[in-house]
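# Examination of the molecular architecture
The primary structure of each chain is shown beneath.
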Amino acid sequence: MDIPVSAIANIVQRGDILLSEFNGIDHRKFFVVMGVSEDKICGFFFINSNIHPAIFNKQEQLNLQYPLLHRDYSFLKYDSFLCASSVIERRVVDIAEGISSKTTTVVGRMKEEHIAEVLKMVQSSNVISERHKKLYFYEY
């Protein structure tokens, strides 16, 4: 039995970790849902295996690289980083359609204490816009 896309869309929530394809990226990427707006737009961050060298001299962006350890997240092949310096947005229905068609996979859930630490980190950052903070990074 196929689950309706609308039902899938209603269960996508903060802390979900998914794996999907993205235009302009030649491989599937892990990403973490950090919030869903009232308009059903999802704000999320990518998980990267390394910190991009271009931000090593940009301290505020470097401060937004949150370590995710393999011992905490078994789907990771090695210790990685949640890149919280750039909010990416996608319609929840598009994520739900990907889950339904199996091009997007739910691989896990971020630990509650890690979600809280990322939210605190992002809320105090000058890199993330106030609009994004209000949409995705406060309690609903």
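The structure presented is a predicted model; accordingly, all values stated were derived computationally and were not measured.

When helices and strands are counted, the protein chain shows five helices and six strands. Secondary structure elements of the protein chain, listed N to C terminal, follow the sequence α-β-β-β-α-β-β-α-β-α-α. Taken over the C-alpha atoms alone, the protein chain extends approximately 50 × 35 × 30 Å along its principal axes. Put simply, 62% of the contacts in the protein chain that link residues at least 6 apart link residues at least 24 apart.

Grouped together as the largest cluster of nonpolar side chains are 23 residues, with contacts concentrated most on Phe-45, Leu-82, Met-110, Val-118 and Phe-137. Taken together, the elements giving at least two residues each to this core come down to β2 (29-36), β3 (41-48), β4 (65-68), β5 (80-91) and α4 (112-123). Ranked by residue count, the leading element in this core is α4, at five residues. Core analysis: the next-biggest nonpolar cluster, separate from the first, contains eleven residues, Phe-31, Cys-42, Phe-44 and Phe-46 among them.

Let's shift gears to the confidence of the model for the protein chain. Per-chain confidence: the protein chain averages 91 in pLDDT, with 92% of residues scoring 70 or above. Confidence, read as mean pLDDT per element, is least for helix α1 (residues 5-9) in the protein chain (60) and greatest for β4 (98).

Looking now at the side chain of Arg-14. Secondary-structure assignment places Arg-14 in the loop between α1 and β1 (16-20). Taking relative accessible area as the criterion, Arg-14 reaches 8% and is therefore assigned buried. Of the polar contacts made by the side chain of Arg-14, one reaches the backbone oxygen of Met-34; its length is 2.7 Å. Polar side-chain contacts of Arg-14 include one of 2.6 Å to the backbone oxygen of Tyr-136.

Moving on: the pattern of salt bridges. Applying the stated criterion across every chain, the model contains six salt bridges. Asp-94 serves as the salt-bridge partner of Arg-91, at 2.8 Å between the closest nitrogen and oxygen. Note on Arg-91: relative accessible area 44%, which makes it partly exposed. Take Asp-94: its relative accessible area is 29%, and that puts it in the partly exposed class. The closest approach of N and O atoms between Arg-109 and Glu-112, which form a salt bridge, is 3.0 Å. For Arg-109, a relative accessible area of 35% gives the class partly exposed.

Now for the sheet that holds β4. A sheet is described by the order of its strands in space; here six strands give the open sequence β4-β5-β3-β2-β1-β6, paired in antiparallel fashion. Taken across any chain shown, the strands that pair with only one partner, and hence form the sheet edges, are β4 and β6 (105-109). Neighbouring strand axes in the sheet, compared pairwise and without regard to direction, differ in orientation by 40° on average. With respect to the sheet, helix α3 (residues 92-101) is in contact with β1, β2, β3, β5 and β6, its orientation differing from that of β5 by roughly 105°.

Each value, and the rule that gives it
Residues numbered from 1 in each chain as written. Predicted model: local features only at pLDDT ≥ 70, side-chain atom pairs only at ≥ 80, totals over all residues. Heavy atoms only, no water. Helix = DSSP H or I, 4+ residues; strand = E, 2+ residues; numbered from the N terminus. Contact = heavy atoms within 4.5 Å. Core = buried A, V, L, I, M, F, W, Y, C linked by side-chain atoms within 4.5 Å. Buried < 20%, exposed > 50% of the residue type's maximum accessible area, 1.4 Å probe, protein only. pLDDT = per-residue confidence, 0-100. Polar contact = N/O pair within 3.5 Å; in protein donor to acceptor, adjacent residues only side chain to side chain. Salt bridge = Lys/Arg side-chain N within 4 Å of Asp/Glu carboxyl O. Pairing = 2+ DSSP bridges. Axes fitted to C-alpha atoms, helices over the stretch in contact; angles between N-to-C directions.

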